[in-house]
Amino acid sequence: MRAMFRAVAVAMLLIVAAQGVSAAEKLRLKGIRGTDDRKLERTQKFPWSAIGRVNVRGRGVGFCTGTLIAPSTVLTAAHCFWNKRTRRWANPSSIDYLAAYSLSRYLAHSKVKSYRLSDPDLPNLAAIKKDLRKDWAILELEKPVGDKVGFLPMIALKGTEIAQAGYSKDKPHVLTVNETCSITGRRDPMLHHDCDATFGDSGSPILVRDGDKIGVGALNVAVGSRNGKSVGIAILLPKGAVK
């Protein structure tokens with residue numbers, strides 16, 4: 001078990017790349033294993049409406065996935081905000097959230113007022129690569145768009161059955177959903193899963209159910225490898241992370 005999670009330290013972060021993807025590149029996308037089980041979700045209905053694109057201007061990359069967990073609060077991955085060109089964290093004014101983005105349309109938009117990294121002293125991207133437990137961030141939006149499109153609460157992840165939804169690199173303009181996938185390894189706060197998630201899915205929610213309620217159980221942050229096969233990596237947020 002310990003050896004399995006040692007791979008986390010050297011996992012390749014799913015940092016979003018340019019939006020165009022060639023056919024050959026699709027074949028090389030890490031995180032898509034075996035049969036591609038992703039389904040296109042165009043309805044923009046709840047709960048999918050609570051998931052959107054986090055667009056970051058001026059970082060040479062483009063976007064990650066983010067989830068509304070309160071009317072004006074979005075959960076996503078911290079590494080999305082590192083600007084490789086300037087070697088600084090992105091200014092909040094350069095970040096937009098598009099709720100239920102689909103084919104260049106969206107149900108709601110807001111600029112980001114501020115964001116909080118997992119560690120206020122996080123120096124750079126290298127620090128996240130060394131410790132993926134720190135790869136989460138909380139955005140505070142200027143507008144409470146969750147009042148319009150809905151939001152998903154944080155729910156304790158108790159079993160192994162999960163779902164995942166995000167904006168993949170090879171399908172950047174439509175939400176893709178893994179309706180049924182599983183936790184394949186767990187050593188809190190680190191998780192391994194078998195959802196088909198790749199570049200662009202960074203910051204996407206690991207969805208769980210509690211009775212009739214659906215919510216966010218963990219955060220998808222990276223893809224690693226185990227025994228020569230790719231494995232999805234997600235993290236549980238520490239207590240008190242969401243205020």
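Data block above holds the structure.
Residues numbered from 1 in each chain as written. Predicted model: local features only at pLDDT ≥ 70, side-chain atom pairs only at ≥ 80, totals over all residues. Heavy atoms only, no water.

### Comments concerning the pattern of salt bridges
When charged atoms on two side chains of opposite charge get close, those side chains can pair. Put simply, the rule reads: Any Lys or Arg side-chain nitrogen found within 4 Å of a carboxyl oxygen on Asp or Glu counts as a salt bridge. The secondary structure listing takes helices from DSSP runs of H or I that are at least 4 residues long and strands from runs of E that are at least 2 residues long, numbered from the N terminus. Only protein chains enter the area calculation, which uses a 1.4 Å probe; residues under 20% of their type maximum are buried, those over 50% are exposed, and those in between are partly exposed.
Scanning all chains against the criterion turns up eight salt bridges. Residue Lys134 is joined to Asp119 by a salt bridge in which the shortest nitrogen-to-oxygen separation is 3.8 Å. Highlighted residues: Lys134 in the loop between α3 (125–130) and β10 (137–141) and Asp119 in the loop between β9 (108–117) and α3, separated in sequence by 15 residues. Take Asp119: its relative accessible area is 21%, and that puts it in the partly exposed class.

### A word on the nonpolar core
Spelled out, the test is: Working definition of a nonpolar core: buried Ala, Val, Leu, Ile, Met, Phe, Trp, Tyr and Cys residues. They are joined through side-chain atoms within 4.5 Å. Between two residues, a contact is recorded if the distance between any of their heavy atoms is within 4.5 Å.
With 53 residues, the main nonpolar core has Val54, Leu68, Phe81, Ile95 and Tyr97 as its most contacted residues. Dropping the residues within four chain positions of it, Phe81 is found in contact with Val54, Val56, Thr76, Arg88, Trp89, Ala90, Ile95, Tyr115, Ala137 and Leu139. In terms of nonpolar packing, the next biggest core, distinct from the first, is built from 12 residues, Cys195, Ile206, Val208 and Ala218 among them.

### Description of the state of the cysteines
What counts, and what does not: A pair of sulfur atoms, both from cysteines and within 2.5 Å, is called a disulfide here.
Under the definition given, this model contains two disulfides. The residue that forms a disulfide with Cys64 is Cys80, at a sulfur-sulfur distance of 2.0 Å. What sets the handedness of the Cys64 and Cys80 disulfide is the S-S torsion sign, and at about -100° it is left-handed. Taken together, the positions of Cys64 in strand β4 (residues 63–70) and Cys80 in the loop between β5 (73–76) and β6 (82–83) put the pair 16 residues apart, joining distant regions of the chain. Summarising the burial analysis for this pair, Cys64 and Cys80 share the class buried. Residue Cys181 pairs covalently with Cys195 via a disulfide, S to S 2.1 Å. Here Cys181 and Cys195 share a disulfide; its torsion about the S-S bond, 80°, makes the bridge right-handed. Remark: Cys195 occurs in the loop between β13 (190–193) and β14 (205–210) and Cys181 occurs in strand β12 (residues 175–187); sequence separation between them is 14 residues. The pair formed by Cys181 and Cys195 is uniform in burial state, with each residue classed as buried. Taken in sequence order, the bonded cysteines of the protein link in the pattern 1-2, 3-4.

### Brief notes about the layout of surface pockets
Selection criterion: For cavity detection a 1 Å grid was placed over the protein atoms alone, and a set of points counts as a cavity when a 1.4 Å probe fits there but cannot get out; an open set counts as a pocket when protein lies on both sides within 12 Å along at least five of seven lines, with lining residues being those that have an atom within 4 Å of a point. Grid points are joined across faces, edges and corners, and a volume is the space filled by probe spheres set on the points. Gly is put with the polar residues, along with every residue not named as nonpolar or charged; the nonpolar set is Ala, Val, Leu, Ile, Met, Phe, Trp, Tyr, Cys and Pro, and the charged set is Asp, Glu, Lys and Arg.
Its boundaries defined by the atoms lining it, the largest pocket holds a volume of some 340 Å³. Glu161, Ile162, Leu207, Val208 and Arg209 are, among the 18 residues lining the largest pocket, the residues nearest its centre. Those elements that place two or more of their residues in the lining of the largest pocket are β11 (161–166), β12 and β14. At four residues, β14 tops the list of elements feeding residues into the lining of the largest pocket. Tallied by class, residues from the lining of the largest pocket come to 10 nonpolar, three polar and five charged.

### Focus: the pairing of β12
For clarity, the threshold we go by: What makes two strands pair is DSSP finding at least two bridges between them.
By the bridge criterion, three bridges tie strand β2 (residues 39–41) to β12 in an arrangement that is antiparallel. Residue pairing in the sheet places Leu40 in a bridge with Thr176 of β12. Summarising the sheet, β11 and β12 pair through five bridges and their orientation is antiparallel. When the sheet's bridge partners are listed, Ile162 is paired in β12 with Cys181. In the sheet, β12 pairs with β13 via four bridges, with the strands oriented antiparallel. Across the sheet, the residue bridging to Arg186 is Leu191, located in β13.

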